[in-house]
Amino acid sequence: MQAKLQWPRDWEAEIPEDVKGLIFDCDGTLVDTMPIHLGAWDTVLQRYGARVPKEFYYGLAGMPTVEIAREFGKKLGIVMEPETAAREKEEVYVSRLGGCEPVRRVVEIARREKGRRKLAVASGGERWVVERSLAVIGAMGLFDAIVGADDCQRGKPSPEVFLTAAKWIGVMPAACVVYEDGEMGFQAARAAGMRVIDVRPWYK
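Please read these numbers as outputs of a predicted model, since none were measured by experiment.

**A short note on the sheet that holds strand 7 (residues 195-198)**
The sheet built from five strands is open, its strands ordered 5-4-1-6-7 with parallel pairing. Where the open sheet ends on each side, the last strands, each with one partner, are strand 5 (145-147) and strand 7. Strand-to-strand twist in this sheet, taken as the mean axis angle between neighbours without regard to direction, amounts to 20°. Where strand 1 (residues 21-24) and strand 6 (residues 176-180) come together, four bridges link them in parallel fashion. In the strand pairing of strand 6, L22 is matched with V177.

**Examining the packing of helix 3 (residues 65-76) against helix 4 (residues 82-95)**
Between helix 3 and helix 4, the least distance of the axes is 8 Å, while the angle of their chain directions is 115°. In the packing of helix 3 onto helix 4, the handedness of the crossing is right-handed. From helix 3, T65, V66, A69 and R70 reach across to helix 4, where they touch P82, E83, A85, A86, K89 and E90. Among the residues forming the contact of helix 3 with helix 4, the class breakdown is five nonpolar, one polar and four charged.

**Remarks on the packing of aromatic side chains**
Under the defined criterion, the tally for this structure stands at seven aromatic pairs. Centroid distance Y57 to Y58: 5.6 Å. Interplanar angle 55°. Geometry classified as tilted. A residue is classified by how much of its surface remains accessible, and Y57, at 4% relative accessible area, is buried. A network of ring pairs unites the aromatic residues W41, F56, Y57, Y58 and F72 as a single cluster. When the ring centre of Y93 is taken as origin, the NZ or CZ atom of K89, which lies over that ring, is 4.9 Å away.

**Details of the pairing of strand 1**
Of the two faces of strand 1, both are covered, the one formed by G21 and I23 as well as the one formed by L22 and F24. Inspection of the sheet shows strand 1 paired to strand 4 (residues 118-122) by four bridges, in the parallel sense. Within the sheet, the bridge partner assigned to I23 lies in strand 4 and is A120.

**Overview of the environment of R111**
Relative to the helices and strands, R111 is located in helix 5 (residues 104-113). When its relative accessible area of 39% is taken as the criterion, R111 is described as partly exposed. Remark: the alpha-carbon pair of R111 and G141, spanning 30 residues in sequence, is separated by 9.7 Å. Those residues in contact with R111 that lie beyond four places of it in its chain are I137, G138 and L142.

**Some thoughts on the pairing of strand 7**
Pairing analysis gives four bridges linking strand 6 to strand 7, with the strands arranged parallel. Paired with E180 across the bridge in strand 7 is D198. Handedness of the β-α-β unit built from strand 6, helix 8 (residues 183-191) and strand 7 comes out right-handed.

Rules behind the numbers
Residues numbered from 1 in each chain as written. Predicted model: local features only at pLDDT ≥ 70, side-chain atom pairs only at ≥ 80, totals over all residues. Heavy atoms only, no water. Pairing = 2+ DSSP bridges. Helix = DSSP H or I, 4+ residues; strand = E, 2+ residues; numbered from the N terminus. Axes fitted to C-alpha atoms, helices over the stretch in contact; angles between N-to-C directions. Left-handed = near helix turned anticlockwise from the far one by under 90°. Contact = heavy atoms within 4.5 Å. Nonpolar A, V, L, I, M, F, W, Y, C, P; charged D, E, K, R; others polar. Phe/Tyr/Trp six-rings, centres within 6.5 Å; stacked < 30°, edge-to-face > 60°. Buried < 20%, exposed > 50% of the residue type's maximum accessible area, 1.4 Å probe, protein only. Lys NZ or Arg CZ within 6 Å of the ring centre and 35° of its normal. Right-handed = clockwise from strand over helix to strand, strands pointing away.

Next comes the structure, spelled out in structure tokens:
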């Protein structure tokens, strides 16, 4: 006899009825873009005579791009204009997006729940970049709202991006569940008063 699926451990399990809104991070949650981001940052930092410290970078997952640039400057002791470095990095990233793949189990949840619950994306990337990533995997039409770093004053671990997403889809924070892959996102979701699911065990 097959064991009963349990939410939130099992991605195929039914979501409780009290959940009215699902909010998804983008990079590493809906789209497998983290290696592309890493490579883009490495290309840009080489222009400044540096290389990406990989483990340090993954610890910044979810932080807005310009803030990551500032953190690299401090960590590596290099002088660069954060806004310029962030723009250069996003240009390199978008130029390499063609080969990215969806995180299939998470995207399948969004497809399954489309029309049943309100769906949003809340990302530390700029909205136009997020939209480009979603378009590559054919997922743009799934979401009722897309919130990027440029829609908020403060990035993760501030809860602002998730609270903004909840507001835009018209769902109270307590009735929202966040799907995330990064520690800063976990902190932000909890600070917003939302339940949060770590999608990393679903990677396959």
